[in-house]
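Examination of the molecular architecture
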Amino acid sequence: MELLKLENVSKKIKNKDIVKSISLTVNSGEIVGFVGPNGAGKTTTIKMIMGLFSLTQGRIAICGYDIQTDFEQAMKTVGGVIENPDLYLKISGRKNLEYFSSFYGEAAFKNIDPVVSLVKMSQRIDERMSSYSLGMKQRIGLAQALLHMPSLLILDEPTNGLDPIGIKELRETLKSLSKDSGIGVFISSHLLSEIEIICDRVYIINNGEIIEHRVLASDSSNPIKRYRFEVGETELACRYFEQEGMACQSGPGSVFAEMQRDAVPEAIKGLANYGVKLYSIELAQRSLEADFIDLTQTNDGQIF
Amino acid sequence: MDFFKQTATELRMLFYSRALTVLAALVILVSAGIPFMSKFTRSRMRTVYNNYAFMKSDFGSEEPIIVDGITVNPDNPMFYEIRYMKETIINIESGSIFTLSTEGSAKAAIEIAEERIGFFAQCAQHIKEYSYSTDVAYMSANLVAESYVLKSLLEGSASASDLEAAYMSIAYSHSFSRQFIELTPEEQQAKLDDINRRIADTLSYFQTKEIQKYVMVKKCIENDNIEMFKMQIADLEAEIIKNPIKEDDLSMQIQELAKQIAYINEINIPMLDFREKYSIEPNNDSWENAAIASFESNKAYIFYNEIIDREKFASQQYYTDQYKTYEAYVKAMQQMISDANINILISQRSLETGKPDLAFVTDGSRYMAFSFLQSSFVPTALSMMAGGFILANEFQSGTIRLLLIRPRSRTKILLSKYCSVLVFSILVFALACLVNMAANCLLFGFADMALPKYTPGGQQGFFAFYLPKALLCILPLLFSVSFVLIVSVFARNAALSIVVPMVFYIASFLVTQTLAFSPNNAWGWVKYTPIPYYNIASLFARAADTYTSYMSRQVYSIPMGIGILTATSAAFLAAAIIRFKRLDITN
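**Some thoughts on the domain arrangement of chain B**
Taken domain by domain, chain B consists of domain 1 (2-35 + 364-581) and domain 2 (61-209). Computed over C-alpha atoms, the centres of domain 1 of chain B and domain 2 of chain B are 65 Å apart.

**Examining the pattern of salt bridges**
Going through the model one piece at a time under the given rule, you end up with 34 salt bridges over all chains. Lys 246 of chain B serves as the salt-bridge partner of Glu 239 of chain B, at 3.9 Å between the closest nitrogen and oxygen. Judged by relative accessible area, which is 25%, Glu 239 of chain B ranks as partly exposed. Looking at Lys 246 of chain B, the relative accessible area reads 41%, which means it is partly exposed. When salt bridges that share partners are traced, they join Lys 47, Glu 83 and Asp 86 of chain A together with Arg 401 of chain B into one network.

**Overview of the sheet that holds strand β2 (residues 16-27) of chain A**
Across the sheet, which stays open at both edges, the 4 strands sit in the order β2-β1-β4-β5 (chain A) with antiparallel pairing between neighbours. Edge positions in the open sheet fall to β2 and β5 (65-66) of chain A, since each of these has one partner strand only.

**Structural notes on the pairing of strand β3 (residues 31-35) of chain A**
Residue and element names in this part refer to chain A. The buried count for β3 comes to 5 of 5 residues, which makes it a mostly enclosed element. Alternating residues of β3 divide into Ile 31, Gly 33 and Val 35 and Val 32 and Phe 34, and every residue in both groups is buried. Examined bridge by bridge, β3 and strand β8 (residues 184-189) share 5 bridges and lie parallel to one another. The partner of Gly 33 across the bridge, within β8, is Ile 187.

**Details of the interface of chain A and chain B**
In this complex, chain A contributes 29 residues to the contact, which on the side of chain B involves 29 residues. Across the chain A/chain B interface, buried area totals approximately 2,700 Å², and carbon plus sulfur atoms make up 56% of it. It is Leu 52, Tyr 99 and Phe 103 of chain A in chain A that bury the most area against chain B; as a group they hold 26% of the surface buried on that side. Counting every contact that joins chain A to chain B gives 4 salt bridges. Between Arg 401 of chain B and Asp 86 of chain A there is a salt bridge whose closest N-O contact spans 2.5 Å. Linking chain A with chain B are 18 residue pairs in polar contact (both at pLDDT 80 or more). Of all the elements in the fold, those that place two or more residues in the side of chain A that touches chain B are α2 (71-76), β6 (78-81) and α3 (93-101) of chain A. Grouping the amino acids of the side of chain A that touches chain B by side-chain chemistry returns 14 nonpolar, 6 polar and 9 charged.

**A short note on the pairing of strand β9 (residues 201-206) of chain A**
Residues and elements named next belong to chain A. Most of β9 is tucked away, with 6 of its 6 residues classed as buried. Neither face of β9 is left uncovered, since the one carrying Arg 201, Tyr 203 and Ile 205 and the one carrying Val 202, Ile 204 and Asn 206 both have all their residues buried. Where β3 and β9 come together, 4 bridges link them in parallel fashion. Directly across from Gly 33, in β9, lies its bridge partner Val 202. When β9 meets strand β10 (residues 209-215), the two strands line up antiparallel, connected through 6 bridges. Note that in β10 the partner of Ile 205 across the bridge is Ile 210. Linking β9 to β10, which pair antiparallel, is a turn of 2 residues; within it Asn 207 sits at a positive phi near 50°.

**Focus on the environment of Gln 255 of chain B**
Residue and element names in this part refer to chain B. When you line up the elements, Gln 255 lands in helix α10 (residues 247-278). For Gln 255, a relative accessible area of 58% puts it in the exposed group. C-alpha of Gln 255 to C-alpha of Tyr 205: the two residues are 50 residues apart in sequence and 35 Å apart in space.

**Concerning the nonpolar core**
The biggest cluster of nonpolar side chains holds 153 residues, and the ones touching the most others in it are Leu 4, Ile 62, Leu 153, Leu 174 and Phe 186 of chain A together with Leu 373 of chain B. Residues in contact with Ile 62 of chain A, not counting those within four places in the same chain, are Leu 3, Leu 4, Ile 49, Ile 67, Ala 74, Met 75, Thr 77, Val 78 and Leu 152 of chain A.

**Observations regarding empty space enclosed by the protein**
All names here are of chain A. Tallied over the entire structure, the rule returns 5 cavities of 30 Å³ or more. Empty space within the largest cavity amounts to approximately 180 Å³. If you go around the largest cavity, you meet 14 residues; those closest to its centre are Val 119, Arg 139, Leu 142, Leu 162 and Leu 170. For the lining of the largest cavity, the elements supplying multiple residues, two or more each, are α5 (134-146) and α6 (164-181). When residues of the lining of the largest cavity are assigned to their parent elements, the largest contribution, 4 residues, is made by α6. Along the lines of polarity and charge, the residues of the lining of the largest cavity split into 8 nonpolar, 3 polar and 3 charged.

**Points about the domain arrangement of chain A**
According to the domain assignment, chain A consists of domain 1 (2-215) and domain 2 (224-291). Of note, the centres of domain 1 of chain A and domain 2 of chain A, computed from C-alpha atoms alone, are 39 Å apart.

**Let's talk about the sheet that holds β9 of chain A**
Residues and elements named next belong to chain A. Pairing in this open sheet of 6 strands is mixed, and the strands run β6-β7-β8-β3-β9-β10 from one edge to the other. In this open sheet, the two edge strands, each paired with only one partner strand, are β6 and β10. The sheet shows a mean angle of 15° between the axes of neighbouring strands, direction not considered. In the packing of α5 onto the sheet, the strands contacted are β6 and β7 (152-156), and the crossing angle to β6 comes to about 165°.

Basis of the calculations
Residues numbered from 1 in each chain as written. Chains lettered and ligands numbered in written order. Predicted model: local features only at pLDDT ≥ 70, side-chain atom pairs only at ≥ 80, totals over all residues. Heavy atoms only, no water. Domains from an automatic or database assignment. Salt bridge = Lys/Arg side-chain N within 4 Å of Asp/Glu carboxyl O. Buried < 20%, exposed > 50% of the residue type's maximum accessible area, 1.4 Å probe, protein only. Pairing = 2+ DSSP bridges. Helix = DSSP H or I, 4+ residues; strand = E, 2+ residues; numbered from the N terminus. Contact = heavy atoms within 4.5 Å. Buried area = accessible area lost by both parts, 1.4 Å probe. Polar contact = N/O pair within 3.5 Å; in protein donor to acceptor, adjacent residues only side chain to side chain. Nonpolar A, V, L, I, M, F, W, Y, C, P; charged D, E, K, R; others polar. Core = buried A, V, L, I, M, F, W, Y, C linked by side-chain atoms within 4.5 Å. 1 Å grid on protein atoms, 1.4 Å probe; cavity = no way out; pocket = protein on both sides within 12 Å on 5 of 7 lines; lining within 4 Å. Points joined across faces, edges and corners; volume = space filled by probe spheres on them. Axes fitted to C-alpha atoms, helices over the stretch in contact; angles between N-to-C directions.

Right under this line is the structure:
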């Protein structure tokens, strides 16, 4: 089920295109990453999803409810933390959660204790927020997003301020939420490596545009992988792969193509038939991180 | 239903703020403390209200004077008069008063002075310190001289001219011959009897301090004055016949004198009637005296302030500056005269029923509770802080991001916050009023609360009078919360949204103060702004009015204030909602 659907969403602020016609989806039980360098438009997109920013163009639906026409319905099904988990510092964590529960009704109040224990804050929940570390605030931030048992969870840089153990715990919590309760999670980060492991899919955003959409599902028995073909005629090889419907990139003396393992022998035959001289083949599984850096560091890495 | 629940939750959030609850508690504590402070300061200042409190004889170091076996100590109020008469006798004997050229006149003058000394000595037996009785003694001293003159005339013991010279050297007469000489012996005898009776009455009043005798003595003195004015009028009228050229000038003087007679008849005599009827001793702190004083000052106001005609109005710079148009002047004057008439009515009703209006019991719990409404600016300031805390701080601390992702429209969120601040402020204000009233009742008596407030149409209970005014004081709260709201939404900074309305608030006091003293009512447009109505309680008529609030009431009306405060609050609220709905949360 599509929990979140963005269709050609754009945002202009002071005549500057911050987000340019973005489309994306998050399904139930899925953890979707939203990665991009600082200033790429991640937070702007998330603020639009959560109703903090108006849309210049496009449509956003949460659980089928258009946020522009059915805001209250849409917001009942989503929880989130945007930027820093800024809560009311002068009162306790519990009072903060009680306050936010008041927007959802009785059930949310009953959820306070379970949610607090889920984020492992039961011991200190009655202390003043101002005495919490950033990591603890992040936990309360997550807790307030879960009070009403949302179908969709939207987290903006949730690992900020967490120590390695905290990050690991967060990953496990999110994984269990999505796999056990079928919650869809949309999680943004500027560090791909932190979320790569838990994401089913990743959207990479740069300069307000989604420049890459990757499926990271590794549990498939025959996954698409990336191979390097050392060839004599790179252009010809590329033309072949494209004709066969495979993603292709040419480099000096070699071509990168993505295909299932089963398709490799067929490709060797095909290239030979095409008149391409094939010298060697190797698995070119670069990390997503390397791709990410490549993709986003065009224009000398300037932030736009 | 949701909305009320949400407002209640927001209210709870306000009470979670320690700073705010401490401030609210402080406001309530001070409200309870004010009556105690008033009690303390009033107990210290009580004597200030007595005009004679600080009057003391300056002859403390001199020897007492003994007159006919009566010892008059130097601290006695009569001491000075006796001493002065003794000095006069020495002067007459040494021949240094040139008007007393004959032996007969000098002898008569000495005898008049001795009669006076005797009279003062008798007064001194009963009057030990300065009071209104002292004045009566001074005013009655002439009677002794009159009695001497009449007696001498009837006995033929001195010549008329010697008596005139003697009399005029010590006492005063507008026309000695008409007052004494031109009378028939029968008339002289009747007058002598009357004067002797009056002297006896006066002394007996000093002895018994009976208020009826006081009134009798005072009325005779007033009648003497009237007689004198009438005589002066007759002289002036004769003068006009002799000198028709001076008619304008003289008839103006006649008018003035006629006015003085009217003043005595319309104001002084009715006041004495009140004293006689309700046994009101002059010059003490009783409410009856306050009522009489109010009767007098309001009567006098009407007496001296008649509406001048259009021509005279146009010719006087002061009026044209102050009122601009003749119509405005007439309207203002009519209003003031009508107010004065109401005050006169209130005085009369209070005296008739024996139940004082709150205006006359300034140390009563009613008046204290009513005056406390003037302090409603304190809860108003508190409401600004609450507003800044609950609204602007959301932006500043970033909590707004976690707030606006809830399943509530922004309008509902803003309104529930707005209402909670309003409810909070009203609660604090109401509690402050209640606590203050309770403390006032404890210190200044519960009984006062049961007394009525008089209106032109009749009377009402204190609460019927008080509640609408207390409710009116909520309007400035409404306005300041709306003000904080709009600044919060536009500036999104807690400090600014508290400081800006606060500065405006203080400035509005200063502007109103300054304008009250501005000679020609400058800045007429100010009355169309909330500025003069921010402290709406200052527009309530009070017994002890300040000049500022008195002047303010002439220009700014409460209905106008209600309209402007409500309209601006609504406009601010609407603008804030519109802005807030469209706002991109960039913080």
